[in-house]
Amino acid sequence: MNFKKMGMIAAVLALAATMMAACGNSSGGDSKKITLWAGGSDNVKVMFEKQIENFNKSNPDGYQVQLEFITSGTGAQSLSDRIIAAKKAGQKNTDFDLIELGGDEVLKYVTDGGEDIFVPLDKSKIPNIQNLKFPATFRDDLVVPYRGTTVVLAYNSDTVAEPPTTTQELYQWIKDHPGRFAYNTPGSGGAGGSFVFTSVYNLMPEESMTSVDAKWKDQWKSGFDLMTELHPYLYKSGGKVVYPNKNQGTIDLLANKEVDMIPAWADMIISQVRQGAIPESIKVSQLDPAFTGSTVTLAIPSTGRNPEGAYAFINYMLSPEAQNIALDSMAAIPVIDFADLDPELTKTISSLKIDSFRIGSIGSLSSELNSQWDEQIGTLK
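Residues numbered from 1 in each chain as written. Predicted model: local features only at pLDDT ≥ 70, side-chain atom pairs only at ≥ 80, totals over all residues. Heavy atoms only, no water.

Caption draft 1: Local environment of the pattern of salt bridges. Scanning the entire structure with this criterion turns up 13 salt bridges. Connected via shared salt-bridge partners are E115, R139 and D141. (Salt bridge = Lys/Arg side-chain N within 4 Å of Asp/Glu carboxyl O.)

So this is what it looks like as structure tokens:
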């Protein structure tokens, strides 16, 4: 065989070897890839980016997490639709490996997609679950909490020396200080959503707050009458009442001193004050009865391709290291013992304890409540 022919054969063999190696790497890479789906405001995105960077560098099994993030108000509903559709189509190899869920969202998924839409948790694969101090609000057989969150009253302490301590005091304060209170449209963010929810459900039996029974809609009127009554006293621009878009919209008004008080997510306010993004004069307090809060959880869809990798990331998120990152980056309320965390970090959220949160969970009635607000309150002049 001449050298030229030998060289050609060698080249072909080398190319084949390269292609086989590439295929092998692709297969191996896919088996180690985890796609995490989450949503919310930018602070959640930043937190997960930090967690993923740390996890990808440090996990001993070589898993690599990729984040798919859906910003509030831009299609979070479509995520549930897509996962439910994939489940009903019998798909088993999608990139829905792991998803973040609000405290009661698991109920919607199970109702619409069936009991087997999520992998029943094998807690032996989550050794750090022994650190968990607070169970999931609902279905702890399907979801694992990784942080707590709650809506609070945020105010400018330079202009509000003594904030309201009850909802009735808040409503009176709004009337006594026209234009100095704002809440965002409920469909664009949970802070405004909590204000609307509690305005309605505070005037109803306590059991209604965690019921999906449509009968409770008949009792919404008093709450909508209250919001109609408050409407003329809210923040105005150009002489007209304005409901800001998204949670950050009201925070910006508060930071710019265009209003003195808003409902806001505690973690957003605390983390932005700490980062210097908003003035230190902005403080938080809790009302009686309180706005709503819950645990935020992770779940493994049964349509995903890498449940083992998903278990690895869930286990990581319950470690003191990950809980400190969440606390530091977004003032997330820990779900493990504060004694296991950096004491300098826990100081900022010491007054916000998950066991005192007030839970609201009304399933698909929540969308109907927001739609009714759009029709009755959002259209007021």
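Caption draft 2: Focus on the environment of Q172. Examined against the element boundaries, Q172 turns out to sit in helix α5 (residues 167–176). For Q172 and L230, which are 58 residues apart along the polypeptide, the C-alpha to C-alpha distance reads 9.3 Å. (Helix = DSSP H or I, 4+ residues; strand = E, 2+ residues; numbered from the N terminus.)

Caption draft 3: Main features of the packing of aromatic side chains. Enumeration over the complete set of coordinates arrives at 14 aromatic pairs. Look at W220 and F224: their rings are 6.5 Å apart centre to centre, the planes differ by 40 degrees, and that puts the pair in the tilted class. As far as burial versus exposure is concerned, W220 and F224 are alike and both buried. Here Y243 and W373 contribute two aromatic rings whose centre-to-centre distance is 4.8 Å and whose plane-to-plane angle is 85 degrees, an arrangement assigned as edge-to-face. A residue pair is termed long-range when its members are at least 10 positions apart, and Y243 in the loop between β6 (240–241) and α8 (246–255) and W373 in helix α13 (residues 365–376) qualify at 130 residues. The exposure class of Y243 is buried, given its relative accessible area of 12%. Residue classification places W373 among the buried positions, given a relative accessible area of 2%. Each residue in the set F181, Y183, F195, Y243, F291 and W373 is aromatic and connected to the rest through ring pairs, giving one cluster. Above the plane of the ring of Y63 lies K32, whose end atom (NZ or CZ) is 4.7 Å from the centre. (Phe/Tyr/Trp six-rings, centres within 6.5 Å; stacked < 30°, edge-to-face > 60°. Buried < 20%, exposed > 50% of the residue type's maximum accessible area, 1.4 Å probe, protein only. Lys NZ or Arg CZ within 6 Å of the ring centre and 35° of its normal.)

Caption draft 4: Main features of unusual backbone geometry. A cis geometry characterises the amide bond from D288 onward to P289, with omega recorded as -5 degrees. Residue placement: P289 occurs in the loop between β8 (282–285) and β9 (293–299). Notably, K257 is not glycine yet its phi reads approximately 65 degrees, a positive angle. Assignment of secondary structure puts K257 in the loop between α8 and β7 (261–265). For A331, which is not glycine, the phi dihedral falls at a positive 55 degrees. Mapping A331 onto the fold places it in the loop between α11 (320–330) and α12 (343–346).

Caption draft 5: Focus on the packing of α8 against helix α9 (residues 266–275). As a packed pair, α8 and α9 sit with axes 11 Å apart at the nearest point and diverge in direction by 50 degrees. The orientation of α8 relative to α9 falls into the category oblique. As α8 runs across α9, the sense of the crossing is right-handed. For the pair formed by α8 and α9, the contact residues are N247, Q248 and I251 on the first element and M268, I269 and Q272 on the second. (Axes fitted to C-alpha atoms, helices over the stretch in contact; angles between N-to-C directions. Parallel < 35°, antiparallel > 145°, perpendicular 65-115°, else oblique. Left-handed = near helix turned anticlockwise from the far one by under 90°. Contact = heavy atoms within 4.5 Å.)

Caption draft 6: Representation of the pairing of strand β1 (residues 33–40) within the structure. Across the eight residues that make up β1, a large majority, six, are buried. Sheet topology places β1 next to strand β2 (residues 64–71); eight bridges connect them, and they run parallel. Residue pairing in the sheet places L36 in a bridge with L67 of β2. Remark: the β1/helix α2 (residues 42–58)/β2 crossover connection has right-handed handedness. Pairing analysis gives two bridges linking β1 to strand β3 (residues 98–101), with the strands arranged parallel. What sits directly across from L36, in β3, is L98. (Pairing = 2+ DSSP bridges. Right-handed = clockwise from strand over helix to strand, strands pointing away.)

Caption draft 7: Summary view of α11. All of the buried residues along α11 are A322, Q323, N324, A326, L327, S329 and M330. Those residues of α11 that are buried lie in contact with α2, β4 (143–156), α9, α10 (307–317) and α12. A331 sits one or two residues past α11 and shows a positive phi near 55 degrees.

Caption draft 8: Representation of the nonpolar core. With 51 residues, the main nonpolar core has L170, F181, Y183 and Y201 as its most contacted residues. The set of elements that each furnish at least two residues to this core consists of β4, α5, α6 (190–201), α7 (221–230), α8, β7, α9 and α13. Sorting elements by how many residues they give to this core places α6 first, with six residues. The contacts of Y183, once residues within four sequence positions are left out, are G192, F195, V196, M227, L234, Y243, P244, T250, P263, W373 and I377. (Core = buried A, V, L, I, M, F, W, Y, C linked by side-chain atoms within 4.5 Å.)

Caption draft 9: Here's a closer look at the pairing of β3. Residues of β3 alternate between two faces, with L98 and E100 on one and I99 and L101 on the opposite face, all of them buried. Here three bridges tie β3 to β9, and the two strands are oriented antiparallel to one another. The partner of I99 across the bridge, within β9, is A299.

Caption draft 10: Summary view of the side chain of T346. Take T346: it is sitting in helix α12. Within polar-contact distance, the side chain of T346 engages the backbone oxygen of P343 at 3.1 Å. Apart from residues lying up to four places away in sequence, T346 is in contact with L327, F338 and L341. (Polar contact = N/O pair within 3.5 Å; in protein donor to acceptor, adjacent residues only side chain to side chain.)

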